Amino acid sequence: MNLAYRIVNVFTVGDDPFSGNPLAVFADGAHLTDDQMQGLARQMNLSETTFVVRRREDGADADVRIFTPAHEMPFAGHPTLGTAYVVSSLFGDGGTVVLRMPAGRVPVSHNGSHWVLTTAVAPSTAPVAASRAELAAAVGLAVGDLADVDALWVDTGTEQLILPVRSPEAVRAAEPDVRLLRGLGEARALSTLVDVWAPTGETTVEARVFYVQGSSVVEDPATGSALANLGGWYHHHGERGISRTIRQGAAVDRPSELFLEVDALGAIRVGGAVHEIGAGVLVI
């Protein structure tokens, strides 16, 4: 079986072809089993790989499944934007692509290389049971590095820990402990992902996102789901009609630029540039 795939970078910065977060998209995944999709995601070894499993004509353009090298995800931001780009290039669109995934239907619009999604579900939040000392230790910071406002579990499709800290310097100093980070997620039966962030100006944010994979902590260069959940954090705190530019990925030499909007009605939008850098065929 020959399987064509495309490689795109999502949340790129300017003309840098190697910025942003890479994504592999298999546009014809209809005949693949779950095990084959998981095996292909492990083979590609990117943060996520997506599979277009069905072309639709019921108001959605395609059904999509998202896999990390270790498990399937109901929703993730950069795979949604990158897959919408590929679906649009294959099937055509009128400016909006609607993808259906386990978390729900996600409309994605674009203007040139800039793509924007509106989250499929309203944000839900939950308090963090861990103490401030436990949170600080899990990300390798001092208690005094944490912001005065509380961390939250936020879910706009995938639940994650949104952890504000006092300064960009604290963001850059974070060195998570894999055992402690895993423990935060185990308390909620989750695969832990934590967004450590701080404002750098009135409308700018610096962030780093960490997750546990096997026995290691992995730093993600650009994380749309965490950005959506940051929007949920702002939403929880009553902030509407705001926009933010988030910079992520510098610590892993993949600088990325992401755009967040929480509109006056509380809708959360995540956007960024998508650039294709290659294509190929796998034979299995």
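Residues numbered from 1 in each chain as written. Predicted model: local features only at pLDDT ≥ 70, side-chain atom pairs only at ≥ 80, totals over all residues. Heavy atoms only, no water.

Draft legend 1. Representation of the overall build of the chain. Along the backbone of the chain there are 6 helices and 17 strands. Taking 2.2 N^0.38 as the reference for a compact globule, 284 residues should give roughly 19 Å; the C-alpha atoms of the chain span a radius of gyration of 18 Å, in line with that estimate. With the C-alpha coordinates aligned to their principal axes, the bounding extent of the chain is approximately 55 × 40 × 35 Å. Evaluated residue by residue, the chain yields a buried proportion of 52% over its 284 residues. (Helix = DSSP H or I, 4+ residues; strand = E, 2+ residues; numbered from the N terminus. Rg over C-alpha atoms; globule rule 2.2 N^0.38 Å. Buried < 20%, exposed > 50% of the residue type's maximum accessible area, 1.4 Å probe, protein only.)

Draft legend 2. Up close: the environment of A129. On the secondary structure map, A129 appears in the loop between strand 9 (124-127) and helix 3 (132-138). With relative accessibility at 80%, the residue A129 sits in the exposed group. With 137 residues separating them along the chain, A129 and G266 place their C-alpha atoms 26 Å apart.

Draft legend 3. Structural detail: the packing of aromatic side chains. One pass over the full model with this rule turns up 7 aromatic pairs. Each ring, one from Y5 and one from F26, has its centre 5.6 Å from the other, and the planes form 45°; the classification is tilted. Taken together, the residues Y5 in strand 1 (residues 2-10) and F26 in strand 2 (residues 21-26) connect sequence positions 21 residues apart. Of the two residues, Y5 and F26, neither departs from the other in class, the shared state being buried. With 5.8 Å between their ring centres and 80° between their planes, F51 and F67 make a pair best called edge-to-face. Of the two residues, F51 sits in strand 3 (residues 49-55) while F67 sits in strand 4 (residues 62-67), which places them 16 residues apart along the sequence. Classification of F51 by relative accessible area gives buried; the value is 0%. On the basis of relative accessibility, which here comes to 3%, the residue F67 falls in the buried class. The ring of F91 has R55 lying over it, and the distance from NZ or CZ to the ring centre is 4.1 Å. (Phe/Tyr/Trp six-rings, centres within 6.5 Å; stacked < 30°, edge-to-face > 60°. Lys NZ or Arg CZ within 6 Å of the ring centre and 35° of its normal.)

Draft legend 4. Fine view of empty space enclosed by the protein. Here the structure, examined in full by the defined rule, presents 1 cavity of 30 Å³ or more. Approximately 40 Å³ is the volume attributed to the largest cavity. Elements with a contribution of two residues or more to the lining of the largest cavity: strand 13 (204-213), helix 6 (224-236) and strand 15 (242-248). Across the lining of the largest cavity, the residue classes tally to 6 nonpolar, 2 polar and 1 charged. (1 Å grid on protein atoms, 1.4 Å probe; cavity = no way out; pocket = protein on both sides within 12 Å on 5 of 7 lines; lining within 4 Å. Points joined across faces, edges and corners; volume = space filled by probe spheres on them. Nonpolar A, V, L, I, M, F, W, Y, C, P; charged D, E, K, R; others polar.)

Draft legend 5. Structural view of the environment of V97. By secondary structure assignment, the location of V97 is in strand 6 (residues 96-101). What makes V97 buried here is its relative accessible area of 1%. In this structure the C-alpha to C-alpha distance between V97 and S109, which are 12 residues apart in sequence, comes to 6.3 Å. Those residues within four positions of V97 in sequence are excluded, and the remaining contacts are D61, A84, V87, S88, V106, P107, V108 and W115. (Contact = heavy atoms within 4.5 Å.)

Draft legend 6. Quick look at the environment of M73. Residue position: M73 is located in strand 5 (residues 72-73). Each C-alpha atom, one on M73 and one on V165, is 27 Å from the other, the two residues being 92 residues apart in sequence. The residues touching M73, leaving out its near neighbours within four places in the chain, are E48, I66, T68 and T158.

Draft legend 7. Region of interest: the pattern of salt bridges. According to the stated counting rule, one finds 12 salt bridges in the structure shown. For R65, the salt bridge goes to D34, with nearest N and O atoms at 2.8 Å. Taken together, the residues R65 in strand 4 and D34 in helix 1 (residues 34-44) connect sequence positions 31 residues apart. With a closest N to O distance of 2.7 Å, R166 and D148 form a salt bridge. Of this pair, R166 sits in the loop between strand 11 (159-164) and helix 4 (168-173) while D148 sits in the loop between helix 3 and strand 10 (152-155), placing them 18 residues apart in sequence. Accessibility expressed as a relative area gives 59% for D148, which makes it exposed. The network of salt bridges with shared partners includes D34, R65 and E72. (Salt bridge = Lys/Arg side-chain N within 4 Å of Asp/Glu carboxyl O.)

None of the figures reported here should be taken as evidence of function without further support.
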